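Reading the structure
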2 protein chains.
Amino acid sequence: MKNTGSPTLEDVAEAAGVSTATISRALNDPDKVAKETRERIQKAVDRLGYTPNFGGRVLASNRTNTVGAIIPSMANAMFASGLQAFQEVLAESGVTLLVASSGYDTEHEFRQIRSLMTHGADGLLLIGDERPQKTKDFLALRKIPYVISWCYRNTPDGLYVGFDNEKAAYKLTNRVLEFGHRDIAMIAGISKGNDRARNRIEGVSRAVRENTDGARLTKIVEARYRLENGAEAFDEIMSASDLPTAIICGNDVLAAGAIVRARKKGARVPDDVSITGFDDIGLASVVEPGLTTVRVPQIEMGQEAARQLLRLLSNQPATSSIEIETELVMRDSLAAPKALAV
Amino acid sequence: MKNTGSPTLEDVAEAAGVSTATISRALNDPDKVAKETRERIQKAVDRLGYTPNFGGRVLASNRTNTVGAIIPSMANAMFASGLQAFQEVLAESGVTLLVASSGYDTEHEFRQIRSLMTHGADGLLLIGDERPQKTKDFLALRKIPYVISWCYRNTPDGLYVGFDNEKAAYKLTNRVLEFGHRDIAMIAGISKGNDRARNRIEGVSRAVRENTDGARLTKIVEARYRLENGAEAFDEIMSASDLPTAIICGNDVLAAGAIVRARKKGARVPDDVSITGFDDIGLASVVEPGLTTVRVPQIEMGQEAARQLLRLLSNQPATSSIEIETELVMRDSLAAPKALAV
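Conventions and cut-offs
- Residues numbered from 1 in each chain as written.
- Chains lettered and ligands numbered in written order.
- Predicted model: local features only at pLDDT ≥ 70, side-chain atom pairs only at ≥ 80, totals over all residues.
- Heavy atoms only, no water.
- Helix = DSSP H or I, 4+ residues; strand = E, 2+ residues; numbered from the N terminus.
- Buried < 20%, exposed > 50% of the residue type's maximum accessible area, 1.4 Å probe, protein only.
- Contact = heavy atoms within 4.5 Å.
- Least-squares fit on C-alpha atoms with pLDDT ≥ 70 in both.
- Expected span 1.5 Å × (residues − 1).
- Buried area = accessible area lost by both parts, 1.4 Å probe.
- Salt bridge = Lys/Arg side-chain N within 4 Å of Asp/Glu carboxyl O.
- Polar contact = N/O pair within 3.5 Å; in protein donor to acceptor, adjacent residues only side chain to side chain.
- Nonpolar A, V, L, I, M, F, W, Y, C, P; charged D, E, K, R; others polar.

An unreviewed UniProt entry lists chain A under the name LacI family DNA-binding transcriptional regulator, with Pseudohalocynthiibacter aestuariivivens as the source organism.

See below:
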């Protein structure tokens, strides 16, 4: 072994007593190399601190066995378990996941996509489908295999593995209306650049609009995704002269923030005001009262997205988009409005 | 522009009407290129869907402006806001963060480290310091710049930006003892391969051991990191004949799971049993009663870790490790045991 610089493939070959071709095979197609030989190579690789050269691996297999995911934020449990499930299915196929975060900024997402491709990602997981035309052109021009998740469209453009945010919010709102609520407010996520937040607003609005018994939206407040943002939006809604009997929240974090603030202000949930969530993350069952919310099957969605992306990467016949169904989870934060309950 | 294959640097040069050297400079050292020229190049890059060749960029600058982080799990809020803060500071310097998850498995962490280096990470953020010798050798042999966070050691080996888990758990336990508790149980994280979980157990044990007034540990249950794991561990502890008056939990998720289960079983917290957490994530203020817990200053820690890693990457003089202080947050889940309270 030479004394200077990083160890080379030749150094590993010499240390392991095999040819460089065998090492290349062990790295790229391990099943074709005897277990004992692989172990000898692994020991040499470990001992020398050898890192397979990226360019070399691409030349040998035209694949890096790495997939990128760009999520809006790392500081948000609403992507966490789906992403973990996505990664676990990839790992079963020996594919590594690298995650970048866009900060809910479509310009930044574009830079992250380019960065992940530059670093050799074979394919991508993207969240939602609102992005500038230049990003879509880039994905198309470069023929990048990708799956869109956390939303669903019935269109041949793109492969979706997700749920219909508008429909889920529409169903939830109809349930709120069935309980007798007519004056409804919404604490939504920031809709700019975020089709999921926007579609949830649209679903709520459609259900209220279609109601023929006087239902109306007293107010829609858009809020960022932290607990305190939900609390502040609750204050804004409850300090207006036009008060709702139910507040539909765009996600569980906003709803939990609103409930905690309600408790501090002495407002009883659901007796004084009903509050609903969206996502069914851990918070939803921890907060008191438990959140009535929309369960997003994150694990199923993440697993299925991984399977579909692996199909794309192995050039199997394209499947069509998959709609994952959400379901209403009834806990205790939604009840009939007081006037009716008496 | 040629009609086949991916666009090349030459294609971009032709479209933008500049030399390939100018494009290389714009990609690697943009301040040296006039704004108007950069914009023209950017437009050509966007339009053609050009991705800078990874190998080429490395040759030109010997830096990829990418940093990797390997965290134990994506499905866990205890890393989320620190990681987000870490990324935001990197982004200010134009450095992209790629995140991989090890699944709390040190073998898997080793593979992820190699993978990130293979994909051209300039440096790494690692969580905790328990890893096999081969991983440490690999990091040393390859001279990989890295910062260790979420723990702190007073040692010249390695650059730490984190907090002392043992000390924080020791202080918390002494506070529990001050309230009069003598029969204490612990719901800990899985300690195998996880120095943070192990050190928290050690801190609790030391405080109990040093107490001269009969304090003892009735039971230590190790549990995975989901709410239901905390609930199950609560059941295990409270079905024993030897009951504690306080349960110290290794993190907030376990504590919240225990509190929710206590509520379902009709046990009052803190009247029947006190429960404490660790981390002070959002759950801690949402659960009822609010969790008395240890606040880990995740944002400060993530920001400082990023600053230190950027220093390493720019070959500035090495700084020494930084200890971030934790603090006790007193909410309502800890009170004197019933016998004393009467």
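All names here are of chain A. Here Thr-326 is to be found in the loop between β11 (322–323) and β12 (327–329). In this structure Thr-326 comes out as buried when scored by relative accessible area, which is 13%. Taking the C-alpha atoms as reference, Thr-326 lies 6.5 Å from Val-294; in sequence the two are 32 residues apart. Those residues in contact with Thr-326 that lie beyond four places of it in its chain are Phe-163, Ala-168, Lys-171, Val-294, Arg-295, Val-296 and Pro-297.

Mapping chain B onto chain A is achieved by rotating through 180° and translating by 0.0 Å along the same axis, at an RMSD of 0.1 Å. Here the copies are linked by what is in effect a two-fold axis. Both copies present the same face, since 98% of the interface residues in chain B are matched by interface residues at the equivalent positions in chain A.

Take helix α1 (residues 9–16) of chain B next. Residues of α1 of chain B that are buried: Asp-11, Val-12, Ala-13 and Ala-16 of chain B. With its phi angle positive at about 70°, Gly-17 of chain B sits one or two positions after the end of α1 of chain B.

Taking 1.5 Å as the rise per residue, helix α10 (residues 227–238) of chain A with 12 residues should run 16 Å; its terminal C-alpha atoms sit 17 Å apart, in good agreement. Every buried residue of α10 of chain A is accounted for by Leu-227, Asn-229, Gly-230, Ala-231, Ala-233, Phe-234 and Ile-237 of chain A.

On to the interface of chain B and chain A. Many structure descriptions define interface size as the accessible area lost when the parts assemble. Across the boundary between the two partners, chain B contributes 53 residues, which contact 52 residues of chain A. Of the roughly 4400 Å² buried where chain B meets chain A, counting both sides, 58% is carbon and sulfur surface. On the chain B side of the contact with chain A, Met-74, His-119 and Val-286 of chain B bury the most area, a combined 15% of that side's loss. Linking chain B with chain A are two salt bridges. Between Glu-288 of chain A and Arg-263 of chain B there is a salt bridge, with the nearest N and O atoms lying 2.9 Å from each other. Along the contact surface separating chain B from chain A lie 10 residue pairs in polar contact (both at pLDDT 80 or more). Sorting the residues of the side of chain B that touches chain A by element identifies α3 (35–48), α4 (54–61), α5 (77–92), β2 (96–101), α6 (106–118), α7 (133–141), α11 (252–265) and α12 (282–286) of chain B as the ones contributing at least two each. Residue classes in the side of chain B that touches chain A are distributed as 25 nonpolar, 20 polar and eight charged.

Moving on: the pattern of salt bridges. Per the stated rule, a full pass over the model turns up 54 salt bridges over all chains. For Glu-107 of chain B, the salt bridge is made with Lys-134 of chain B, and the minimal N-O distance between the two is 3.1 Å. Of this pair, Glu-107 of chain B sits in helix α6 while Lys-134 of chain B sits in helix α7, placing them 27 residues apart in sequence. Assessed through its relative accessible area of 35%, Glu-107 of chain B is described here as partly exposed. Ionic pairing is found between Arg-216 of chain B and Asp-242 of chain B, a salt bridge with its closest N-O pair at 2.6 Å. Here the residue Arg-216 of chain B occupies a position in strand β7 (residues 216–223), and Asp-242 of chain B occupies one in the loop between α10 (227–238) and β8 (246–249), the gap between them amounting to 26 residues. Each of Asp-129, Arg-153, Asp-195 and Arg-196 of chain A takes part in one network of salt bridges that share partners.

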